[in-house]
Amino acid sequence: MKLRNVLALGLGGAALALLLVEPSLAQTPTPEAATAPTVATATPLPNKGDTAWMLVASALVLLMTVPGLALFYGGLVRTKNMLSVLTQVFAIACIVCLIWVFYGYSLAFTNGGGLNDFVGGFSKAFLKGVDPNSTAATFSNGVVIPEYAYICFQMTFAMITPALIVGAFAERMKFSALVVFMILWVTLIYFPMAHMVWYWGGPDAVGNAAKALAAATDDAAKKAAQDALDAVNADAGMMFKWGALDFAGGTVVHINAGIAGFVGCLMMGKRIGYGRDLLAPHSLTMTAIGASLLWVGWFGFNAGSNLEANGTTALAMINTFVATAAAAVSWLFVEWALKGKPSLLGMLSGAIAGLVAVTPASGFAGPMGSIVLGLVAGAVCFVMCSTVKNAIGYDDSLDVFGVHCIGGILGALATGILVSPDLGGVGIPDYTTKPGELVVGAYDMTAQLITQAKAVGVTLLFSGVGSAILYKLVDLTIGLRVTQEEEREGLDIADHGERAYNY
């Protein structure tokens, strides 16, 4: 298909996607809110230390994508497809970067009117109304960061998530189909998921409304203040309102991308020679470099998700250290015991599994709980990527499902347990019991596990079914898979007309 046709279809698909989303309604106060008591508060200003950390964290997450993920995936494919993987990851990052500032940030992090449970609107499309003085809330009362810093940070999450999917069907998807699919996927799947899990009014909005309720003196004022507080709490994504905990993207990033990749590899079918020919990685050296960069970048991913520089940021960082190490050791020794030899690829895969599993728990669990989580994740993901995968026979080229989806599910469910203060966790955040102050709220392990399981189930269904529809749409219009001749030749030459290596 000619480039102009690909671009036309991709842009047309994006336009269609936009039309399917209801524009946001202006956020106007309700009559009850207008009559509620108000509490004067000083306008918080960004702290330079928090701002500097968030800018560094954003750069670290970009490092995860390019070159980290690109090299990690690239080393795992055959020589003839190395350049294609590098191109796919880099192209996705650049395309999503632009989409994010055009309308992605607005769909993810603004009020969506009648669809606010599921997706935002277009009130900040093309970053309308954002300037260097605009601020975004963190998780502490009275603490904000520049909105541009928040936009950059969340942009890097949007850039890496669709790039993760590439590993599931590496070496067999058309580049043109990939471009169109990813434009549709981030618009219709990723942005709504980010909104459902992470969109809320912030601690000051909740705290100020709670203060107004506490200051109310008569029944009418109390009712108006309660209505105002209810309205603030209602202005959030569906899963956030459920109380689902996802510190840095277990559902939004890993389960979301993992199930989308799994559906893609099933719909595209196995690579030529899968199960018969040796389809070994061409450079574990490149993969080791990529995995190392991913671990370093992941500190921005997890510790940066606290949105400020404080003790919780340090907690997320140490958890990212120990869970990763535990999972790498776990995979290494389980593989050694079952297969007779400890492999570098196994240890690297275990490290990624630990990073994935600790992502939703990184700011909620304690270090000892994170070590247990890493040990379990390494063993479980090893079994999924070897025994289960071989038994079922699906061709998930680079184990996106076995590591990201399964690791993400394990981490999301474990977060509901490890958040318990009795197990070293920080507890459930509560912004209303002491208005204007973050305290530990009531915790019920069974109830929290049910909430976590609901969030996992919705993510699997929404992303799985939605991705299947998008794959089919692209297949009917462009075709998903390269020809057999092109696949045998390699995507480097077939799609891009150049090679990764010229000897």
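### Focus on the overall build of the chain
Point 1. For the chain, the helix and strand inventory stands at 18 helices and four strands.
Point 2. Here the chain has a C-alpha radius of gyration of 23 Å; the compact-globule value for 503 residues is 23 Å, and the two agree.
Point 3. For the chain, the C-alpha atoms occupy an extent of roughly 80 × 55 × 40 Å along the three principal directions.
Point 4. Looking at the chain residue by residue over its 503 residues, the buried ones come to 55%.
Point 5. When contacts within the chain are restricted to residue pairs at least 6 apart in sequence, long-range pairs at least 24 apart make up 80% of them.
Point 6. Total accessible area on the chain stands at roughly 19,900 Å², and carbon and sulfur atoms take up 67% of it.
Point 7. In the chain, the 25 positive side-chain charges and the 32 negative ones have mean positions that sit 10 Å from each other.

### Quick look at unusual backbone geometry
Point 1. Each neighbour pair has its own omega, and for valine 66 with proline 67 the value is 10°, a cis peptide bond.
Point 2. Checked against the element boundaries, proline 67 lands in helix α3 (residues 48-76).
Point 3. Located in the positive-phi region is glutamate 171, a residue other than glycine, with phi close to 80°.
Point 4. One can find glutamate 171 in the loop between α5 (147-165) and α6 (175-198).
Point 5. Glutamate 171 sits in the buried class, given a relative accessible area of 3%.
Point 6. We note that aspartate 399 has phi near 60°; this positive angle belongs to a residue other than glycine.

### A word on the nonpolar core
Point 1. Counting residues in each nonpolar core, the largest one holds 117 residues, and the members touching the most others are Trp100, Phe169, Trp185, Tyr190, Phe191 and Phe301.
Point 2. With residues near it in sequence (within four places) discarded, tryptophan 185 still touches Thr161, Pro162, Ile165, Tyr190, Asn256, Ala257, Ala260, Ser463, Ser467 and Leu470.
Point 3. The next biggest cluster of nonpolar side chains, apart from the first, holds seven residues, and it includes Ala361, Leu373, Ala377 and Ala414.

### Thoughts on helix α13 (residues 344-358)
Point 1. Across its 15 residues, α13 extends 21 Å between first and last C-alpha, which sits within 8% of the 21 Å expected from 1.5 Å per residue.
Point 2. Among the 15 residues that make up α13, 12 are buried, leaving the element largely enclosed by the rest of the structure.
Point 3. Taken residue by residue, α13 has Gly346, Leu348, Ser349, Gly350, Ala351, Ile352, Ala353, Gly354, Leu355, Val356, Ala357 and Val358 as its buried positions.
Point 4. Next to the buried residues of α13 lie α3, α10 (250-268), α11 (284-303), α12 (311-339), α14 (367-392) and α15 (400-418).

### A closer look at the pattern of salt bridges
Where charged atoms from two side chains of opposite charge come close, those side chains can pair.
Point 1. Going through the model one piece at a time under the given rule, you end up with 10 salt bridges.
Point 2. Here arginine 271 ties to glutamate 171 by a salt bridge, and the two come within 2.6 Å at their closest N and O atoms. Separated by 100 residues along the polypeptide, arginine 271 in the loop between α10 and α11 and glutamate 171 in the loop between α5 and α6 bring together distant segments of the chain.
Point 3. On the basis of relative accessibility, which here comes to 8%, the residue arginine 271 falls in the buried class.
Point 4. Across the pair arginine 172 and aspartate 395 runs a salt bridge whose closest N-O atoms are separated by 3.7 Å. With a gap of 223 residues between them, arginine 172 in the loop between α5 and α6 and aspartate 395 in the loop between α14 and α15 connect regions that are remote in the sequence. An identical accessibility class is assigned to arginine 172 and aspartate 395; each is buried.
Point 5. Here the salt bridges do not stand alone but share partners, grouping Arg78, Glu171, Arg172, Arg271 and Asp395 into one network.

### A word on the packing of helix α7 (residues 203-215) against helix α8 (residues 219-234)
Describing two packed helices takes the angle between their axes plus the distance from one axis to the other.
Point 1. Between α7 and α8, whose axes approach to 8 Å, the crossing angle comes to 165°. Regarding the angle of α7 to α8, the classification is roughly antiparallel. Crossing of α7 against α8: the hand is left-handed. Contacts between α7 and α8 involve Ala205, Val206, Ala209, Ala210, Ala212 and Leu213 from the former and Lys222, Ala225, Gln226, Leu229, Val232 and Asn233 from the latter.
Point 2. For the contact of α7 with α8, a count of residues per class yields nine nonpolar, two polar and one charged.

### Observations concerning the packing of aromatic side chains
Point 1. Per the counting criterion, the structure on display carries 27 aromatic pairs.
Point 2. With 5.8 Å between their ring centres and 55° between their planes, tryptophan 100 and phenylalanine 191 make a pair best called tilted. Of the two residues, tryptophan 100 sits in helix α4 (residues 82-109) while phenylalanine 191 sits in helix α6, which places them 91 residues apart along the sequence. You'll find tryptophan 100 and phenylalanine 191 in the same group, each marked buried.
Point 3. Among the aromatic side chains, those forming a connected cluster through ring pairs are Trp100, Tyr103, Tyr105, Phe109, Tyr150, Tyr190 and Phe191.
Point 4. Its guanidinium or amino end placed over the ring of tryptophan 242, lysine 454 lies 4.2 Å from that ring's centre, counting from NZ or CZ.

### Points about the packing of α15 against helix α16 (residues 445-477)
Point 1. Taken N-terminus to C-terminus, the directions of α15 and α16 make an angle of 155°; their axes are 7 Å apart at the nearest point. Put simply, α15 runs roughly antiparallel to α16. Crossing handedness for the pair α15 and α16: right-handed. Counting all contacts with α15, which are made through Cys405, Ile409, Ala412, Leu413, Thr415, Gly416 and Ile417, the residues of α16 involved are Met445, Gln448, Leu449, Gln452, Ala453, Val456 and Leu460.
Point 2. Class assignment for the residues of the contact of α15 with α16 results in 10 nonpolar, four polar and no charged.

### Comments concerning the environment of leucine 107
Point 1. Among the structural elements, leucine 107 can be located in helix α4.
Point 2. In this structure leucine 107 comes out as buried when scored by relative accessible area, which is 0%.

Here is what the cut-offs are and how they apply
- Residues numbered from 1 in each chain as written.
- Predicted model: local features only at pLDDT ≥ 70, side-chain atom pairs only at ≥ 80, totals over all residues.
- Heavy atoms only, no water.
- Helix = DSSP H or I, 4+ residues; strand = E, 2+ residues; numbered from the N terminus.
- Rg over C-alpha atoms; globule rule 2.2 N^0.38 Å.
- Buried < 20%, exposed > 50% of the residue type's maximum accessible area, 1.4 Å probe, protein only.
- Contact = heavy atoms within 4.5 Å.
- Areas by Shrake-Rupley, 256 points an atom, 1.4 Å probe, with all protein chains shown as cover.
- Lys, Arg positive; Asp, Glu negative; His and termini not counted.
- Charge placed at Lys NZ, Arg CZ, Asp CG, Glu CD.
- Core = buried A, V, L, I, M, F, W, Y, C linked by side-chain atoms within 4.5 Å.
- Expected span 1.5 Å × (residues − 1).
- Salt bridge = Lys/Arg side-chain N within 4 Å of Asp/Glu carboxyl O.
- Axes fitted to C-alpha atoms, helices over the stretch in contact; angles between N-to-C directions.
- Parallel < 35°, antiparallel > 145°, perpendicular 65-115°, else oblique.
- Left-handed = near helix turned anticlockwise from the far one by under 90°.
- Nonpolar A, V, L, I, M, F, W, Y, C, P; charged D, E, K, R; others polar.
- Phe/Tyr/Trp six-rings, centres within 6.5 Å; stacked < 30°, edge-to-face > 60°.
- Lys NZ or Arg CZ within 6 Å of the ring centre and 35° of its normal.

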